[in-house]
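# Analysis of the macromolecular model
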Amino acid sequence: MLKPLLRLLACLLLPASAAVGAEGTDAGFVTKAAQAYMIEASTGTVLLAKNENQVFAPASLAKLMTMDLVFDAVSKGQISLDTEYPVSEYAWRTGGAPSRAATMFAALKSKVRVEDLIKGVAIQGANDGCIILAEGMAGSEDQFAASMTRRARDLGMDKAVFGNSTGIPDGRSKVTARELVTLATDLQTSYPSLYSYFAQPDFEWNKIFQRNRNPLLGMDLGADGLATGFTEGEGYSIVASVQRNGRRLFMALAGIASDKERTEEAKRVLEWGLTAFESRQVFADKEVVGAASVYGGTARTVDLVAKAPVSVYVPINNPDRLAARIVYHWPLIAPVKADTEVGTLRIVSGNRMLREVPLYTAQSVEVGSLTSRAVDALLELGESLFFSWMWDKSEQS
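Report follows, based on the coordinates.

Cut-off values and rules
Residues numbered from 1 in each chain as written. Predicted model: local features only at pLDDT ≥ 70, side-chain atom pairs only at ≥ 80, totals over all residues. Heavy atoms only, no water. Pairing = 2+ DSSP bridges. Helix = DSSP H or I, 4+ residues; strand = E, 2+ residues; numbered from the N terminus. Phe/Tyr/Trp six-rings, centres within 6.5 Å; stacked < 30°, edge-to-face > 60°. Buried < 20%, exposed > 50% of the residue type's maximum accessible area, 1.4 Å probe, protein only. Lys NZ or Arg CZ within 6 Å of the ring centre and 35° of its normal.

### Thoughts on the pairing of strand E5 (residues 202-205)
The side chains of a regular strand alternate, first on one face of the sheet and then on the other. When E5 meets strand E6 (residues 208-211), the two strands line up antiparallel, connected through 4 bridges. Residue pairing across strands places Asp202 opposite Arg211, the latter belonging to E6. Once E5 ends, the chain turns through 2 residues before running back antiparallel as E6, passing Asn206 with a positive phi of about 55°.

Structure follows, in structure tokens:
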């Protein structure tokens, strides 16, 4: 009876403690960014987290969501790279040459191929390219922006809101550093061939030559994307990905004081992420991670396994002790089928949440006899009452 109770306590108390850890930074590293989030791609290990769930205006980083919708439509065959869209007066005036902002200088009333518009946005951060795509794909920028927010929800970006395709300040658009890393990850993993546009060094349109706006591409980092942003009052931001020596990192930084400092800080954070960690296997393939309690079954527990080896990245110097906890809705109710996702393994280093891994049942548990179900009911009642008493006592203290 004690073991199921301890699992129940862990299930209910862990989320609160994990949230605290997620707001901190690594004890050996401090970033100048107001918001920061960085992960190692193959394991999903969180290497750096600072105010990663705090919303801010995305500025030009909103264009990454515009690209996500365009890449998705191209990959599904809804549009092609040769599809042409007209340059409306609104797109030309708001995002083109008259705007004196980031633009690909698309000519008024001309038509531009989707591939060229993608290059304009991915390489030059072109506002006119975004609006032309939005109007061409959705009929209006407002309708396209609504699709951007819906797409964000599909990706698990629960806080993000997009009011337009460009990130031009509108008082509504918002996003978090964690969500931007989620978006960058989707762009690179779901559309690898289209993602490569972000790394192209330059693009010429309408006889105007422009270099890629990403300051990291010319450095010896292994950078291959993505974008930068700036919002008055909130500072400079960047979303980047690097791949070096078989290791890929995704990073988002925001709230930096200057353009120069953004470049320097992004380089410093990424270099640290590439050199200060090593991989450590926590559980082997199909290794039993733990067990979950089962109510009313032929067995009172079921083994839990991950579907692949579980590894994390830990600091090379002075690594904190790793802790792993199983979280699930206690108890499982028989019958329980094998290979069913029922919980999560949460791996913590010190006070930092490193990663979460889905756990699956290793075997089936059939419905037990009437007698065994009656005994389980009494045990569940006793444990629930005992925990309620403990909870009431803690509330009163």
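### So, the sheet that holds strand E11 (residues 288-295)
Taking strand neighbours across the sheet as the criterion, the 6 strands line up as E14-E16-E17-E12-E11-E15 in an open arrangement whose pairing is mixed. Whereas interior strands pair on both sides, the edge strands pair on one side only; in this sheet they are strand E14 (322-328) and strand E15 (332-333).

### Here we look at the packing of aromatic side chains
Counted under the stated rule, the structure contains 7 aromatic pairs. Judged by centre distance (4.1 Å) and plane angle (15°), the rings of Phe29 and Trp272 are stacked. Linking Phe29 in the loop between helix H1 (2-22) and strand E1 (35-40) with Trp272 in helix H9 (residues 259-275), this pair joins segments that are 243 residues apart in sequence. Across the pair, exposure class does not vary: Phe29 and Trp272 are buried alike. With 6.2 Å between their ring centres and 70° between their planes, Phe71 and Phe198 make a pair best called edge-to-face. Placement of Phe71 in helix H2 (residues 63-75) and of Phe198 in the loop between helix H8 (192-195) and E5 is noted, with a sequence separation of 127 residues between them. Overall, Phe71 belongs to the buried group, its relative accessible area being 0%. Positioned above the aromatic ring of Tyr360, the side-chain terminus of Lys307 is 4.4 Å from the ring centre.

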